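Commentary on secondary and tertiary structure
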Amino acid sequence: MGTKIEYVDSSHMYATNYIRNSKAIAVLWAIFSICYAIISVVAFVTPEWVGDADSDIGGRLGLWQVCQKDDLTDSCTGRLEELLEMQSIAFQVATVFCGLAVATSVLAICCLLLMVFMKSTTVFHICGWMQMLSALCMVIACVSFPFGWNSDEFRKVCGPESNRFEVGLCSLRWAYPLAIIACIDGFILATLSFILATRHVRLQPEPQYQSREINNAYVTDVASIAGSRKSLNLQPVLLVAPPHIIF
C-alpha cells in the first residue's frame, strides 16, 4: 500500500493561517481591554493625581478626594454623593467624564458575551464604538482637571501660588500620567476592534479535479492524442510534409 498524498491549495493554507492569527489578536485585544478597564478604575478612585509629598502636610488630590496626612494616618475628604457640592466645576466635569469612561470600558468587556448570540463582526463594532467613547471621555477628564487648580480646595494643599495649569507647590503624581496612558490605550484598542470587525476571510470553494481513466489496451490513436492533449494541455501541432526531392 502506497502513501496517500493530499494536495492543498495555497489560498486555503494562507486563509487558515490568517484565521489563526486573527484569533490570537482577538484574544490579545480582550486581555488589553481588561487591562484598560482596570487602569480606568484605578485612575478614577485614587487621590494620587496631584500632591505635595515633601511638605509636612503631605496633601494629595484626586478627582473627587482631598487627602491630608495626620500623625498616624491619612484623612481623606470627599464623596461621590457630594459631587454637586464641590467648589470647582472643572473637578465636577472631570469626575463625571472619568466615571463615564470607566462605565463604558467595563460595558465593552461585558459585550464580549454577546458573541454567543451575535456575529463576531457586530460585537467588535459595538465594542469599538464603546472604547472610542470611553477614550474621548477620559480625554475630556484629563483636559478639564487642570482648570480647577485655581480653586480654594486646591490651594489649601498646593499653596496660593497655584493657578490654572500651575500646580504651585505640588507636583503631578502617578495617577494623572496613568489617565493619559489610558486615553492612548483606549484609542488603540478601538482602532484594533474596528480592524478585527472589518477584515475577514471569505474562503473560495475547493477546486474539483476530474480524473478520467482510459484503458490503454483498447485506446485508439485519436483517443490517445486527444487524451494526451487534454491532460497535458498541449496546443495542436501543425505537421508539414517533407518536400519532394527530384533527382
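An unreviewed UniProt entry lists the protein under the name LHFPL tetraspan subfamily member 3, with Anopheles merus given as the organism. On record in UniProt, under Subcellular location (unreviewed entry), the comment for the protein is "Membrane".

This part covers the sheet that holds strand β5 (residues 171-172). With antiparallel pairing, five strands are arranged side by side in an open sheet as β4-β3-β2-β1-β5. In this open sheet, the two strands that pair with only one neighbour each are β4 (74-77) and β5. Pairing analysis gives two bridges linking strand β1 (residues 50-51) to β5, with the strands arranged antiparallel. Across the sheet, the residue bridging to Gly51 is Ser171, located in β5.

Another point: the packing of helix α3 (residues 120-144) against helix α5 (residues 175-198). Between two packed helices, what matters for the description is the angle formed by their axes and the separation of those axes. Two elements in contact, α3 and α5, have axes whose closest approach is 8 Å; the angle formed by their N-to-C orientations is 160°. Taken together, the axes of α3 and α5 are roughly antiparallel relative to one another. When the axes of α3 and α5 are compared, the crossing they make is left-handed. In terms of residue class, the contact of α3 with α5 is built from 20 nonpolar, seven polar and no charged.

UniProt records the feature "transmembrane region" (unreviewed entry) for residues 24-45, 89-117, 129-149 and 174-197 in the present numbering. Secondary structure content for residues 174-197 is 96% helix and 0% strand, and the end C-alpha separation is 34 Å.

To continue, consider the nonpolar core. Of all hydrophobic cores here, the largest spans 45 residues; its most connected members are Trp49, Val50, Leu63, Met138 and Phe145. Those elements giving two or more residues to this core turn out to be α1 (10-45), α2 (89-110), α3, α4 (152-158) and α5. Element by element, the count of residues in this core is highest for α3, at nine residues. Trp49 has contacts with Ala43, Leu61, Gly62, Leu63, Phe145, Ser171, Leu172, Arg173, Ala175, Tyr176 and Ala179, leaving out every residue within four places of it along the chain.

Attention now moves to the state of the cysteines. Considering all chains together, one arrives at one disulfide under this definition. The disulfide partner of Cys158 is Cys170, and the S-S distance across this bridge is 1.9 Å. Residues Cys158 and Cys170 are joined through a disulfide that is left-handed, its torsion about the S-S bond being -100°. Pair noted here: Cys158 is in helix α4 and Cys170 is in the loop between α4 and β5, with a separation of 12 residues, a long-range link. As far as the burial class goes, Cys158 and Cys170 line up, both buried. A disulfide-free cysteine, Cys110 has its sulfur positioned 7.1 Å from the sulfur of Cys111, the nearest such atom. Residue Cys110 is classed as partly exposed on the basis of its relative accessible area of 44%. Free of any disulfide, Cys111 has its nearest neighbouring cysteine sulfur in Cys127, separated by 5.1 Å. Cys111 gets classed as buried once you look at its relative accessible area, which sits at 9%.

Turning our attention to unusual backbone geometry. With phi around 65°, Phe165 is a residue other than glycine that occupies positive phi space. Looking at the element boundaries, Phe165 is found in the loop between α4 and β5. For Phe165, a relative accessible area of 53% corresponds to the exposed category.

What follows deals with the pairing of strand β3 (residues 66-69). The sheet contact formed by strand β2 (residues 60-61) and β3 spans two bridges and is antiparallel. Within β3, the residue paired with Leu61 across the bridge is Val66. The turn joining β2 and β3, which pair antiparallel and follow one another in sequence, is formed by four residues. Judged from the four bridges that link them, β3 and β4 form a sheet pairing that is antiparallel. Bridge pairing in β4 places Lys69 opposite Asp74.

In this section: the packing of α2 against α3. With their axes 8 Å apart at the nearest point, α2 and α3 run at an angle of 160° to one another. Classified by the angle their axes make, α2 and α3 are roughly antiparallel. Between α2 and α3 lies a crossing whose hand is left-handed. Of α3, the residues touching α2 (which contributes Ala90, Val93, Ala94, Phe97, Cys98, Leu100, Ala101, Thr104, Ser105, Leu107 and Ala108) are Cys127, Met130, Gln131, Leu133, Ser134, Cys137, Met138, Ile140, Ala141 and Ser144. Here the residues of the contact of α2 with α3 sort into 16 nonpolar, five polar and no charged.

The rules behind each value
Residues numbered from 1 in each chain as written. Predicted model: local features only at pLDDT ≥ 70, side-chain atom pairs only at ≥ 80, totals over all residues. Heavy atoms only, no water. UniProt positions renumbered as here; feature names shortened; annotations may be inferred. Pairing = 2+ DSSP bridges. Helix = DSSP H or I, 4+ residues; strand = E, 2+ residues; numbered from the N terminus. Axes fitted to C-alpha atoms, helices over the stretch in contact; angles between N-to-C directions. Parallel < 35°, antiparallel > 145°, perpendicular 65-115°, else oblique. Left-handed = near helix turned anticlockwise from the far one by under 90°. Nonpolar A, V, L, I, M, F, W, Y, C, P; charged D, E, K, R; others polar. Core = buried A, V, L, I, M, F, W, Y, C linked by side-chain atoms within 4.5 Å. Buried < 20%, exposed > 50% of the residue type's maximum accessible area, 1.4 Å probe, protein only. Contact = heavy atoms within 4.5 Å. Disulfide = S-S within 2.5 Å.

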